[in-house]
Structures are given as structure tokens and as C-alpha cells.
Amino acid sequence: MLIRFTKMQGAGNDFVVLDETRGRLGLNTAQYRWLADRHFGVGADQILSVRPSPGPGLDFEYVIHNADGGEVEHCGNGARCFVRYVRDKGLTTANPVRVKVKQGEISLALNDDGRVTVDMGAPVFARDRVPFDASGLTARAMGNFERWPLELAGGGEVLVSVLSMGNPHAVQLVDNVDNAPVLSQGPQIERHPRFPARVNAGFLQIVNRGQVRLRVYERGAGETLACGTGACAAVAAGARLGLLDARVDVHTHGGVLTIEWADTPTHDAPVFMTGPATSVFEGAVDVPDLS
């Protein structure tokens with residue numbers, strides 16, 4: 001099956017974008033995995049599908065598949081690329097653009113400077129909604145939040161703050177992201193039995209109250225150059241731990257994302273993420289018949 005695609009990136013997090021506004025392509029898990037493969041397919045961290053509005057008050061539906069072929073709830077860097085795509089392709093003149101994602105709705109705005117701001121919605125701290133199994137564990141309080149001990153292979157232990165940005169995150173504080181054990185601990189945390197839906201593992205270095213450095217081992221994708229929901233989760237966790245202000249520049253290997261979160265007593269304020277979104281190239285590829 002020959003399909004057309006656009007390759008895009010946001011802070012180095014790269015995507016294959018598919019236009020399904022006129023009809024579904026009908027790709028299966030193996031075909032999404034093939035598209036994301038950097039040796040045999042196009043190569044991407046995620047596959048983004050643009051689909052027509054599913055209901056009133058919405059402009060589009062936004063569907064995300066990870067490099068392992070599985071569908072996921074949210075991708076912040078992908079959301080920025082999504083709005084750049086639909087505007088550049090003339091699919092809408094709306095600004096902001098309101099889209100349906102797997103677990104709700106988000107609003108995306110294209111700014112005059114070319115960057116995109118995404119209303120990522122409010123972080124979720126209820127453990128059963130992350131989901132996170134804390135049975136038998138004792139949290140370590142810090143600020144007005146907590147860190148949970150996770151046992152890792154070999155008898156080690158890490159302390160993580162747990163929350164959801166539409167997808168699950170476990171954020172740990174590190175002294176320096178350059179030598180943080182992302183590739184050794186990341187896979188263990190991602191598939192830790194305490195997280196029944198798996199989890200994105202964030203490694204957060206506090207530079208000052210308005211600047212952080214971040215690396216994320218993403219669920220189903222491994223370490224990426226940037227993770228938008230991971231940046232939002234890291235800032236929300238850092239703010240509740242008493243370490244960060246309401247506006248923070250998050251430095252990733254792929255670039256800088258600006259995260260704004262005006263916390264409230266009920267912690268239900270939306271998180272706003274601003275960052276770049278760029279088209280890299282367009283093409284067509286013959287997707288094999290896989291199962």
C-alpha cells in the first residue's frame with residue numbers, strides 16, 4: 001500500500017504524520033512499527049494520524065502510535081507538530097485548534113514567532129488514575145508532594161514522583177542528567193510492575209527555580225531527544241516538591257521547551273507548553289502487508 005507522509009520534528013522528537021481526514025488508512029500495529037523503524041521504514045519516535053472532527057466543538061482528532069506500534073494517550077511535542085501540519089496543509093484556518101486525543105481534548109495555538117503553545121490540560125495526581133500501585137509502600141514527603149521508593153534489579157532503589165499528563169510519568173531528581181543512569185534504569189522503571197500501563201521515566205536536574213535539564217526514557221520508544229508530556233510532568237512535580245516557579249525553561253537534548261503551570265490548592269490548573277514544530281520533508285512509501 002503506497003501512502004504519503006510528512007516527516008516532522010519538535011525539539012528533536014521526530015514524527016511521521018499521516019493525513020486520514022479523507023479516510024482511514026487501516027494500518028495495523030506491525031505496519032505502524034514498520035513505519036517507525038529507522039532501518040527498514042521511514043523512522044520516527046511516533047506516528048501521528050490526523051483525522052476529521054469526531055464531534056461539535058472540535059476541529060480534528062489526533063491519534064498517536066509509539067515506535068513499538070502501540071497506541072498511546074498523548075504526545076506534547078507531537079501536538080505542536082500536529083497544529084503546524086494542519087495549518088501548513090490548509091486543512092484549517094482556526095487558531096487555536098481544538099482536537100480530541102485518546103483521553104480528552106486539547107487546545108493548540110500557533111504563535112506569531114512560529115512556536116506553538118499547547119494547553120496540555122491539568123496534571124493528574126490520583127494514583128489510581130496514573131495508574132500506580134502504591135500498596136505496601138511508604139511515601140517520602142517533600143514540599144506539598146511526595147516521592148515513592150521503587151525497587152530495581154540488583155537491590156537498588158530510586159525515589160520517584162508519580163503523576164499523569166494524559167499518560168503516566170515517574171520523575172526522579174538527579175544531580176546531573178549527563179551521567180544519569182537513563183539507559184540502565186529507564187527500561188526497568190518503564191516496565192516496573194507498580195505501573196500496570198507502563199510509565200515514562202523522567203530524570204530531572206534542577207538548575208535554578210526557572211531552569212531545568214531533563215532526559216526521558218519514553219514508554220514504547222526508549223530515550224528520545226525531547227518529551228513534551230515529560231517536560232510538563234517534570235515541572236509540575238518540581239513545583240509541588242517546592243523546587244520550581246510557575247514558568248520554567250526545560251532544556252532537553254533536542255532544544256528548549258517553556259512550561260507554565262500556575263498551581264492552585266486543588267492542583268487542577270492546566271499546564272501550558274510552548275516550543276518549536278518543524279516540517280523536515282515529505283514523501284511516499286510502500287507499506288508492506290504485515291500482521
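Structure: see above.
Thresholds applied
Residues numbered from 1 in each chain as written. Predicted model: local features only at pLDDT ≥ 70, side-chain atom pairs only at ≥ 80, totals over all residues. Heavy atoms only, no water. Helix = DSSP H or I, 4+ residues; strand = E, 2+ residues; numbered from the N terminus. Contact = heavy atoms within 4.5 Å. Expected span 1.5 Å × (residues − 1). Buried < 20%, exposed > 50% of the residue type's maximum accessible area, 1.4 Å probe, protein only.

**Observations regarding the environment of arginine 247**
So, point 1. Locating arginine 247 in the fold gives a position in strand 16 (residues 247-252).
So, point 2. Between the C-alpha atoms of arginine 247 and proline 131, which are 116 residues apart in sequence, the distance is 27 Å.
So, point 3. When near neighbours in sequence (up to four residues on either side) are disregarded, arginine 247 contacts Arg209, Gly210, Thr258, Ile259 and Glu260.

**Here's the deal with unusual backbone geometry**
Glycine aside, negative phi is the norm for most residues, and most peptide bonds take the trans geometry.
So, point 1. Geometrically, the link from asparagine 95 to proline 96 is a cis peptide bond, its omega value of 10° lying close to zero.
So, point 2. Geometrically, the link from valine 130 to proline 131 is a cis peptide bond, its omega value of -5° lying close to zero.
So, point 3. Assignment of secondary structure puts proline 131 in the loop between strand 8 (116-119) and strand 9 (140-142).
So, point 4. Unlike most non-glycine residues, histidine 267 shows phi in positive territory, near 60°.
So, point 5. Residue position: histidine 267 is located in the loop between strand 17 (255-260) and strand 18 (272-275).

**Focus on helix 2 (residues 76-88)**
So, point 1. Under the 1.5 Å per step criterion, the end-to-end length of helix 2 is 19 Å for 13 residues, consistent within 8% with the ideal 18 Å.
So, point 2. With 11 of 13 residues buried, helix 2 is to be regarded as a mostly interior element.
So, point 3. If you check which residues of helix 2 are buried, you get Gly76, Asn77, Gly78, Ala79, Arg80, Cys81, Phe82, Val83, Arg84, Tyr85 and Val86.

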